[in-house]
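# Report on the structure
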Amino acid sequence: MAPIPFRSFLVPGQLVSHPDHPEWGEGQVQSAIGKRVTVMFPHAGKVAVDATVVQLNVLS
């Protein structure tokens with residue numbers, strides 16, 4: 001039986017912060033496909049995050 005692939009619970013539009021980079025500010029999720037989450041941060045720009053490695057903090 002094949003393992004169930006990881007799927008992020010985040011959805012576009014949610015506000016998040018990066019636990020290791022609070023200076024990036026509140027980011028908005030642009031897309032969440034599988035384990036790859038793309039977030040637009042005001043002080044870092046567009047960042048692709050591996051959700052199996054980094055647990056983003058949900059703000060809204």
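Below is a short write-up of the structure. (Residues numbered from 1 in each chain as written. Predicted model: local features only at pLDDT ≥ 70, side-chain atom pairs only at ≥ 80, totals over all residues. Heavy atoms only, no water.)

Of the regular secondary structure elements, the protein holds 0 helices and 5 strands. Taken from N to C terminus, the helices and strands of the protein fall in the order β-β-β-β-β. Here the C-alpha atoms of the protein give a radius of gyration of 12 Å, agreeing with the 10 Å that 2.2 N^0.38 yields for 60 residues. If one aligns the C-alpha atoms of the protein with their principal axes, the spans along those axes are about 45 × 20 × 20 Å. The buried share of the protein, taken over its 60 residues, is 32%. (Helix = DSSP H or I, 4+ residues; strand = E, 2+ residues; numbered from the N terminus. Rg over C-alpha atoms; globule rule 2.2 N^0.38 Å. Buried < 20%, exposed > 50% of the residue type's maximum accessible area, 1.4 Å probe, protein only.)

Moving on, we get to the side chain of Gln14. Position of Gln14 relative to the elements: it lies in the segment before β1 (15-17). Among the polar contacts made by the side chain of Gln14, one reaches the main-chain amide nitrogen of Val11 at a distance of 2.8 Å. Leaving out residues up to four positions away in the same chain, Gln14 has contacts with Phe9, Gly27, Gln28, Val29, Val58 and Ser60. (Polar contact = N/O pair within 3.5 Å; in protein donor to acceptor, adjacent residues only side chain to side chain. Contact = heavy atoms within 4.5 Å.)

A separate point is the sheet that holds strand β2 (residues 27-33). One open sheet holds the 5 strands; their spatial order is β4-β3-β2-β1-β5, and the pairing between them is antiparallel. One side of each edge strand has no neighbouring strand; the edge strands of this open sheet are β4 (45-50) and β5 (57-58). Bridge count for β1 against β2 is 2 bridges, and the pairing is antiparallel. Along β2, the bridge assignment pairs Val16 with Gly27. (Pairing = 2+ DSSP bridges.)

Spatial relationships are all this shows, so hold off on functional conclusions.
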